[in-house]
2 protein chains.
Amino acid sequence: MVKEKVDVEYNKVTPEIAGELGTIFGEKNVLTEVEKMESYAYDERGKQFRHMPDVVVKAENEEQIAQLMKLANAEHIPVTPRGAGSGLAGAAVPLYGGIVLSLEKMNKILELDEINMVAVCEPGVVTNDLCKAVADKGLFYAGYPMSVESSYIGSNIATNAGGAKVIKYGSTRSHVLGLEVITPTGEKLSLGGKRRKETSGYSLLHLMIGSEGTLGIITKVIINLMPTPNATVDLLVPFGSFDDAVKASSNVIRTTKVYPVSMEFMDIFSVKTTVEHLNLPPLPAQDKAEAYLLFTLEGKNRDELDELAETAGTACLEMGALDVFVASTKTESEKVWNVRINTPAVVLEKWPHVLGGDVVVPRSETAEFIGRTKKILEKYSGVQISFYGHIGDGNIHPVLIDTANRTDKEWMEFSETIYEEVCLLGSQMGGTVSGEHGIGFAKKHVLGQSLGNYPISVMRGIKKVFDPDGILNPGKIFDLK
Amino acid sequence: MVKEKVDVEYNKVTPEIAGELGTIFGEKNVLTEVEKMESYAYDERGKQFRHMPDVVVKAENEEQIAQLMKLANAEHIPVTPRGAGSGLAGAAVPLYGGIVLSLEKMNKILELDEINMVAVCEPGVVTNDLCKAVADKGLFYAGYPMSVESSYIGSNIATNAGGAKVIKYGSTRSHVLGLEVITPTGEKLSLGGKRRKETSGYSLLHLMIGSEGTLGIITKVIINLMPTPNATVDLLVPFGSFDDAVKASSNVIRTTKVYPVSMEFMDIFSVKTTVEHLNLPPLPAQDKAEAYLLFTLEGKNRDELDELAETAGTACLEMGALDVFVASTKTESEKVWNVRINTPAVVLEKWPHVLGGDVVVPRSETAEFIGRTKKILEKYSGVQISFYGHIGDGNIHPVLIDTANRTDKEWMEFSETIYEEVCLLGSQMGGTVSGEHGIGFAKKHVLGQSLGNYPISVMRGIKKVFDPDGILNPGKIFDLK
């Protein structure tokens, strides 16, 4: 367990309060046994960062959540909302114990509205289930977090999830038209809607998006859909030089004006690790490559795709690519993406001590940022670094791996020191400390360093407007005091 | 002059304070003569809503603005930021006198960054100047307010301006990557940047967008650019029946899945008025049509455009269109758009008493909304209603025209009563009271009615976090007390 500076005093859930929760949610939706609560104590950031809640409740509707928040305020007990637990920054970890509010049962797609081209659903719908349901109607949801098969749509919104299609389609924020929210004091807010324009006061909708469950609990979402893009093609481009691959990532876009849906980066270490661990067939040129770029291009028809692939491929070859492999069938595409998608999980599984990063810089700065990050790492021993990520939008995941068998505590201190340096480097280069994973409690400290006092004091002031007693998800993004 | 409930007491600008302003801005940038200040007393909402400031200052850089805000707080004098004055809701009108801060001199495009595909500029750049400058680099700015030739880019952001390309590209909010802002207390905030992903605490960037100069003064903007769309074609589609045209607007998208860049609506009254007033050649079928739809379609090449035009045109004919006119040259397009773009100004010029509206409903509700708005108007006499607007995104501009020679005061009371009813109707139908013009002081009352107490109290709380003394643009969006 990691020690947190407890800056706020809360009450514990007494048996009486647990009884009241049973009345609100029904006995079957209230967990108090330690074994049953254990999996609600941590997220994908890792078990070593767990905190046990006093109780877990599973909501089935917004009224229950409003009642919960009124009770929690009256009793001064913290509430931590939780989606699928696929977050990487600890936003769903109940730092101060109290009540974990699981949204797993609010998982219905309520409406697919073809006239307005929107989907209306509960927050606990798995992202991929939404993607499939709208595809059946000939429509398209453009959000694509790498955790698409496990993450919930409400949590995508709470973290403004990014992923691999942000170059063309933007982060989750770009696709949210409306939200219904229960505030920390149990009020209901309806923000946005099926409408497509709005200048009606401050955008509480956009303030809510990315607030990591600290300003309100999302109970309903209205999501923008688009016509299905007609066709896509994937290009896998191995480079003999790591640096050439990095440089090509921004230069291809600049010189060709081909604007891909995705442009991913994988170093050879992450590729080999994933391929070997999962017993996959090797990627083309795996023996000669130092890094790969992976493009997805979208076009109206096969002719246009061929032209785009030719333009991008030729540019890559001129910039030092070893070859260009076109994955024109679904099977071929899946094979390639399989490696990229599984890398984070494989790395986490294979080594006990891993710190996965999430830094963004302007696209023009990726080469310089990666070079300077490597330089930082040269100061340290007993640590391996690997790079992968959404390089086309400047979002890099530098991953630190313990190669010196440190204790949990040693690794946490060691890795966080390095990682803060890397985050601040990104921030100083016109980037920011988190592109898509969020701040949670993992990056509170470095966010404060990166932004300085005034912006944090403004955020704290806004938090107080919604949550005067600091009941909802305290200790995330910034300390309350 | 309209009477406002003065809910906050402010001090006047004394000669001593005017002297201090001269020191900050230079004497040439401080206006105190009534004749020179007159054009800063109102916006496009109309001269009858004017309020004279005590002084007008023209900023040349952010340091001056920071000093101004510190002085204004110390002396308790309100500051009203002003762009081109092309707003329609009175956001730039100095309700409580004090200081008008004009951004007209901060009009430089600072950088066109082709690698990151962004433009960096000062807030006072005219939107169309930005569009032209980026087009010269083979890039594209997708924002397109109807006031593109006069409005400033900073003010587009302050009002989250909409316009005619929102169906495909979204409102101005979608195109803003970064802002630099001086807060009401004179602090500097750097929000976002050239980076394309961010989940680093609450989005103060998106909170600032659309806040109508009440939370901060925009001093620098970073705007997203795209590759230039390859080709467009415009379709002008006259309908013999007003209702058929309205119904076709949502049904064409639903049945064909053709997603236009623009889909505008013009009733025959607005078309004839504009054509006659400006001595333009009549639009095709002007003698038989009751309404027009105007499409802009975008495609990769001529073949794709032909196919899109064929699909959309055929669908319109099946839905009652009299004919479909394809404007395939730039001259033909301009001729048609000329009518649509000039309608608002012509209507304002031709009649002394006009109230231009801006209501949004979900696309599915446009026919019902327009029908019910007409019903509301039947209760009143001495008033003409005309409809035009961005019907493809559900944003309608119902325009009320005085046909009974009322006095200013009579018209204001009469028209606002009707208009509030229309706004609330839109709001009840899943829409909102302003899609793109903003709230200013014109719609404060109806916004409060539409949202209810709690959301307004949250906005007021947020305002206080940024502006504890209520110095920056008070009396806009909501009353401070």
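Our subject is the structure that appears above.
All residue numbers refer to position in the chain's written sequence, counted from 1. Just so you know, chain letters begin at A and ligand numbers begin at 1, following the order they were written in. Local features are withheld for residues below a pLDDT of 70 in this predicted model, meaning they are given only at 70 or higher, and side-chain atom pairs are given and counted only at 80 or more; totals for whole chains, interfaces and linings count all residues. Just so you know, side-chain values use all the structure's heavy atoms and leave hydrogens and water out.

Undergrad: Is there a simple way to explain unusual backbone geometry in this structure?
TA: Among all residues save glycine, negative phi is the norm, and among peptide bonds the norm is trans. Of note, Asn-473 of chain A is a non-glycine position whose phi angle comes to about 50°, a positive value. Helix and strand assignments come from DSSP, with helices taken as H or I runs of at least 4 residues and strands as E runs of at least 2, each series counted from the N terminus. Looking at the secondary structure, you find Asn-473 of chain A in the segment after helix H15 (453-466). Three exposure classes are used, based on accessible area relative to the maximum for each residue type with a 1.4 Å probe and protein chains only: buried under 20%, partly exposed in between, and exposed over 50%. On the basis of relative accessible area, Asn-473 of chain A is assigned to the buried category, the value being 1%. For Ala-285 of chain B, which is not glycine, the phi torsion reads 65° and is therefore positive.

Undergrad: What's the story with the side chain of Asp-358 of chain A in this structure? I'm lost.
TA: Residues and elements named next belong to chain A. As for its placement among the helices and strands, Asp-358 is situated in the loop between strand E16 (354-356) and strand E17 (359-360). Positive charges come from Lys and Arg, negative ones from Asp and Glu, while His and the chain ends are left out of the count. When a carboxyl oxygen of Asp or Glu is within 4 Å of a side-chain nitrogen of Lys or Arg, the pair counts as a salt bridge. Although Asp-358 is buried, it makes no salt bridge; Lys-443 carries the closest opposite charge, 4.4 Å away. With near-sequence residues (within four places) excluded, Asp-358 lies in contact with Asn-395, Ile-396, His-397, Pro-398, Tyr-419, Val-433, Ser-434, Gly-435, Glu-436, His-437, Gly-438 and Lys-443. Only heavy atoms enter the contact rule, under which two residues are in contact if any of them lie within 4.5 Å.

Undergrad: Sorry, what's going on with the environment of Ser-211 of chain A here?
TA: Following the sequence through the fold, Ser-211 of chain A ends up in the loop between helix H7 (204-208) and strand E10 (217-224). Residues Ser-211 of chain A and Thr-159 of chain A, 52 residues apart in the sequence, show an inter-C-alpha distance of 6.6 Å.

Undergrad: Sorry if this is basic, but what is going on with the side chain of Asn-128 of chain A here?
TA: Inspection of the secondary structure assignment puts Asn-128 of chain A in helix H4 (residues 127-135). If near-sequence neighbours (up to four positions away) are discounted, Asn-128 of chain A is found in contact with Val-148 and Glu-149 of chain A.

Undergrad: Sorry if this is basic, but what is going on with the packing of helix H9 (residues 268-277) of chain A against helix H11 (residues 330-350) of chain A here?
TA: When two helices pack together, you describe them by how their axes are tilted relative to each other and by the distance separating the axes. Residue and element names in this part refer to chain A. As a rule, the C-alpha atoms of each element are fitted with a line to give its axis, helices using only the stretch in contact, and angles between N-to-C directions run from 0 to 180 degrees. Here H9 crosses H11 at 80°, and the two axes come no closer than 9 Å. Overall, the two elements H9 and H11 adopt an arrangement that is roughly perpendicular. Residues Ser-270, Val-271, Thr-273, Thr-274, Val-275 and His-277 of H9 touch H11, and the partners they reach there are Val-339, Asn-342, Thr-343, Val-346, Glu-349 and Lys-350. Under the grouping applied here, Gly and all other residues not named as nonpolar or charged are polar, the nonpolar ones being Ala, Val, Leu, Ile, Met, Phe, Trp, Tyr, Cys and Pro and the charged ones Asp, Glu, Lys and Arg. Split into classes, the residues belonging to the contact of H9 with H11 amount to four nonpolar, six polar and two charged. By definition in this entry, angles of less than 35 degrees are roughly parallel, angles greater than 145 are roughly antiparallel, angles of 65 to 115 are roughly perpendicular, and the rest are oblique.

Undergrad: What should I look at first to understand the sheet that holds strand E2 (residues 55-58) of chain B in this one?
TA: Strands in a sheet are paired, the pairing made by backbone hydrogen bonds, and the direction either parallel or antiparallel. Two strands make a pair as long as DSSP finds a minimum of two bridges between them. With mixed pairing, four strands are arranged side by side in an open sheet as E1-E2-E4-E3 (chain B). Both edges of this open sheet fall to strand E1 (30-31) and strand E3 (79-82) of chain B, since each of them pairs with a single strand only.

Undergrad: Just checking my understanding: could you explain the sheet that holds strand E9 (residues 188-192) of chain B for this structure?
TA: All names here are of chain B. Strand order in the open sheet formed by five strands is E5-E6-E10-E8-E9, with antiparallel pairing between adjacent strands. Strand pairing shows two members of the sheet lacking a second neighbour, strand E5 (109-113) and E9, which therefore form its edges. With direction set aside, neighbouring strand axes in the sheet form an average angle of 10°. Of the pairings in the sheet, the one linking strand E8 (residues 176-182) to E9 comprises five bridges and is antiparallel in character. Paired with Ile-182 across the bridge in E9 is Lys-188. Sheet strands touched by helix H3 (residues 62-75): E8, E9 and strand E10 (217-224). Its angle to E8, the strand with the most contacts, is close to 50°.

Undergrad: For this particular structure, what's the right way to read the environment of Ile-376 of chain A?
TA: All names here are of chain A. Within the secondary structure, Ile-376 is located in helix H12 (residues 366-378). Taking relative accessible area as the criterion, Ile-376 reaches 10% and is therefore assigned buried. Through-space distance from the C-alpha of Ile-376 to that of Val-422 is 7.6 Å; in sequence the pair is 46 residues apart. Not counting residues up to four positions away in its chain, the partners in contact with Ile-376 are Ile-418, Glu-421, Val-422 and Leu-425.

Undergrad: So what exactly am I meant to see when it comes to the packing of helix H13 (residues 408-428) of chain A against helix H14 (residues 444-451) of chain A here?
TA: Residue and element names in this part refer to chain A. Contact geometry for H13 and H14: axes closest at 10 Å, N-to-C directions at 35°. Of the two possible hands of crossing, H13 and H14 adopt the one that is right-handed. Here Glu-420, Cys-423, Leu-424 and Ser-427 of H13 lie close against H14, whose contacting residues are His-445, Val-446, Gln-449 and Ser-450. Helix crossings fall into two classes, left-handed where the near helix is turned counterclockwise from the far one by less than a right angle and right-handed where it is turned clockwise.

Undergrad: Can you help me understand the relation of the copies chain A and chain B in this one?
TA: Comparison of the two chain copies shows a relationship of rotation about an axis with a shift along it. Superposing chain A onto chain B takes a rotation of 180° combined with a translation of 0.0 Å along the rotation axis, leaving an RMSD of 0.0 Å. The relationship between the two copies is best expressed as a two-fold rotation axis. The fraction of interface residues of chain A whose copies in chain B are also interface residues reaches 100%, indicating that both copies meet through the same surface. We superpose the copies by least squares over the C-alpha atoms of residues that have a pLDDT of at least 70 in both of them.

Undergrad: Teacher, can you tell me more about the interface of chain A and chain B here?
TA: At the junction of the two partners, chain A supplies 74 residues and chain B supplies 75 residues. Both faces considered, chain A and chain B share a buried interface measuring about 6,100 Å² in area, 63% of it formed by carbon and sulfur atoms. The quantity reported as buried area is the accessible area (1.4 Å probe) lost by two parts once they are put together, taken as the sum for both. Counting the surface chain A buries against chain B, the share from its top three residues, Lys-197, Thr-199 and Tyr-202 of chain A, is 17%. In this assembly, chain A and chain B are joined by six salt bridges. Salt-bridge contacts for Asp-393 of chain A lead to Lys-197 of chain B; the nearest nitrogen and oxygen are separated by 3.2 Å. For the purposes of these results, a polar contact is taken to be a pair of N or O atoms within 3.5 Å, where, inside protein, one atom must be able to donate a hydrogen and its partner to accept one; residues adjacent in sequence count only when each atom of the pair is a side-chain atom. Put simply, chain A and chain B have 36 residue pairs in polar contact (both at pLDDT 80 or more) between them. For the side of chain A that touches chain B, the element with the highest residue contribution is H15 of chain A, accounting for nine residues. The residue makeup of the side of chain A that touches chain B, split by class, is 28 nonpolar, 28 polar and 18 charged.

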